[in-house]
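Understanding the architecture of this molecule
The lines below spell out each chain.
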Amino acid sequence: MLDISTIHGSYTVASMVVFTGGKPDKNQYRRFRIKTPLDEANDFLSMQEVMRRRYDPERMADERFGSKPDLIILDGGKPQLSAALEMFEEMGIDDIAIAGLAKRDEELFVPWQDTGPVVLPGGSASLYLVKQVRDEAHRFAITYHRQLRGKGMTASILDEVAGLGPVRKKALMKHFKSFKNLKAATLDELKDAKVIPGDVAEELYRVLTQYNGETELTEQVEDAVNESTSTTE
């Protein structure tokens, strides 16, 4: 299954989780950092890029990347399915089954049925498997998205602190070992480290407090958004 994770087009990533025999096949998991320039979130372009990169003939021939799937499930329903089918037609791929998983009621849209989506029976093993794959794809995508966003934010957040140059940044990171430890530090701990002046420590604490609050809110919004979205290989 393939899943896109982004916040307004920033740090857009995709995950690919693979289930074999109904169980996660983590050796075949892959993740993609979307390279297409995006001014805002665009799942269609992001998904088409992933499809192109994952199913390029040369990549498909490389056994190290994983075997050809029997079924690909895309998050988003009929529009996303149409975009993926368009990419497959462009690439000349016609031997892989593909379906779109709608956000509501786990409806599956398939190109070989024009009468509406496939609705899996409630409580069935097939519905349970689809939900399990969807949740795993979400988890894998969100984890990578947050990892990239965290790395990008570390540099930009510290750049906002007046009086915190490269030497002092290096000293802080050496003392606290990681940005995670640094952003969790109290004002007293920042001052007790004795690697930056007291006034700089106070400004750093102010910036980090603001950052922590915004990050918590962003992650709450991100989780809520991603709970209603998803994609599958």
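Just above sits the structure.
Let me sum up the structure you'll find in this document. Since the model is a prediction, treat every value here as computed from it, not as a measurement.

A word on the overall build of the protein. A tally of regular secondary structure across the protein gives eight helices and nine strands. Buried positions account for 43% of the 233 residues belonging to the protein. Contacts in the protein between residues at least 24 apart in sequence constitute 62% of all its contacts with a sequence separation of at least 6. Carbon and sulfur atoms provide 51% of the accessible area of the protein, an area that totals close to 13,100 Å².

In the structure shown here, the tally under the stated rule is two aromatic pairs. A centroid spacing of 5.5 Å and a plane angle of 85 degrees characterise the contact between Tyr55 and Phe88, whose relative ring orientation is edge-to-face. Here Phe88 lies in helix α3 (residues 78-91) and Tyr55 lies in the loop between α1 (43-54) and α2 (57-61), a separation of 33 residues in the sequence. As far as burial versus exposure is concerned, Tyr55 and Phe88 are alike and both buried.

Turning next to the nonpolar core. Membership of the largest hydrophobic core comes to 25 residues, with the highest contact counts inside it found for Leu2, Met51, Tyr55, Ile72, Leu74, Phe88 and Ile98. Taken together, the elements giving at least two residues each to this core come down to β1 (2-7), β2 (10-16), α1, β6 (71-75) and α3. Ranked by residue count, the leading element in this core is α3, at five residues. Every residue in contact with Phe88, bar those within four places of it in the chain, is listed here: Met51, Tyr55, Ile72, Ile93, Ile96 and Ile98. In terms of nonpolar packing, the next biggest core, distinct from the first, is built from 18 residues, Leu172, Phe176, Ala193 and Leu204 among them.

On to the packing of α1 against α3. Where α1 contacts α3, the two axes come as close as 9 Å, and the packing angle between them is 35 degrees. Here the hand of the crossing between α1 and α3 comes out right-handed. For the pair α1 and α3, the contacting residues are Phe44, Gln48, Met51 and Arg52 in the first and Pro79, Gln80, Ala83, Ala84, Glu86, Met87, Phe88 and Met91 in the second. Looking at the contact of α1 with α3 residue by residue, the classes come out as eight nonpolar, two polar and two charged.

What follows covers α3. For α3, built from 14 residues, the straight-helix expectation of 20 Å at 1.5 Å per residue is met to within 8% by its first-to-last C-alpha distance of 20 Å. Of the residues making up α3, those classed as buried are Gln80, Leu81, Ala83, Ala84, Met87, Phe88 and Met91. End-on, the buried residues of α3 take up no more than an arc of 160 degrees, which puts them together on one face. Exposed and facing more than 90 degrees away from the buried side of α3 are Lys78, Glu86, Glu89 and Glu90.

Attention now goes to unusual backbone geometry. Even without being glycine, Lys177 reaches a positive phi, approximately 75 degrees. With respect to the helices, strands and loops of the structure, Lys177 is situated in the loop between α5 (166-176) and α6 (179-183). According to the relative accessible area criterion, Lys177 is exposed, its value standing at 68%. One non-glycine residue with positive phi stands out, namely Lys194, at about 55 degrees. With respect to the helices, strands and loops of the structure, Lys194 is situated in the loop between α7 (187-192) and α8 (198-227). According to the relative accessible area criterion, Lys194 is exposed, its value standing at 71%.

Oppositely charged side chains can pair when the atoms bearing their charge come close. The final tally for this structure, using the stated rule, is seven salt bridges. As a salt-bridge pair, Glu136 and Arg139 come within 2.9 Å of each other at their nearest N and O atoms. In this pair, Glu136 and Arg139 are both assigned in helix α4 (residues 125-159), three residues apart and thus about one turn of the helix distant. Arg139 sits in the partly exposed class, given a relative accessible area of 39%. In this structure, the salt-bridge partner of Glu203 is Arg206, at a minimum N-O distance of 2.7 Å. Taken together, the positions of Glu203 and Arg206, both in helix α8 and three residues apart, correspond to about one turn of that helix.

Rules and cut-offs
All chains use their own residue numbering, which begins from 1 and follows the written sequence. For a predicted model such as this one, the threshold for reporting local features is a pLDDT of at least 70, and the threshold for listing and counting side-chain atom pairs is 80 or more; totals across whole chains, interfaces and linings nevertheless cover every residue. Excluded from the side-chain calculation are hydrogens and water; included are all heavy atoms of the structure. Counting from the N terminus, the helices are DSSP H or I runs at least four residues long and the strands are E runs at least two residues long. Classification of residues uses two cut-offs on accessible area relative to the type maximum, computed with a 1.4 Å probe and protein chains only: under 20% is buried, over 50% is exposed, and between them is partly exposed. Residue contacts are counted whenever heavy atoms from the two residues lie within 4.5 Å of one another. Only the protein chains shown count as cover for residues, with accessible areas throughout obtained via the Shrake-Rupley method and a probe of 1.4 Å. Geometry of aromatic contacts follows a simple scheme: Phe, Tyr and Trp rings, the Trp one being its six-membered ring, pair when their centres are within 6.5 Å, and the pair is stacked under 30 degrees between planes, edge-to-face over 60, tilted otherwise. To define a nonpolar core, start from buried Ala, Val, Leu, Ile, Met, Phe, Trp, Tyr and Cys residues and group those joined through side-chain atoms within 4.5 Å. Lines fitted to C-alpha atoms define the axes here, with helix axes fitted over just the stretch in contact, and angles between the N-to-C directions of these axes take values from 0 to 180 degrees. The sense of a crossing depends on the near helix, which, turned anticlockwise from the far helix by less than a right angle, makes the crossing left-handed and, turned clockwise, makes it right-handed. Gly is put with the polar residues, along with every residue not named as nonpolar or charged; the nonpolar set is Ala, Val, Leu, Ile, Met, Phe, Trp, Tyr, Cys and Pro, and the charged set is Asp, Glu, Lys and Arg. In this analysis, the expected span of each helix is defined as 1.5 Å times one less than the number of residues it contains. Directions from the helix axis toward the C-beta atoms define the arc. Salt bridge, as applied in this entry: a Lys or Arg side-chain nitrogen positioned within 4 Å of an Asp or Glu carboxyl oxygen.

Note that all results are geometric; they support no functional claim without further evidence.
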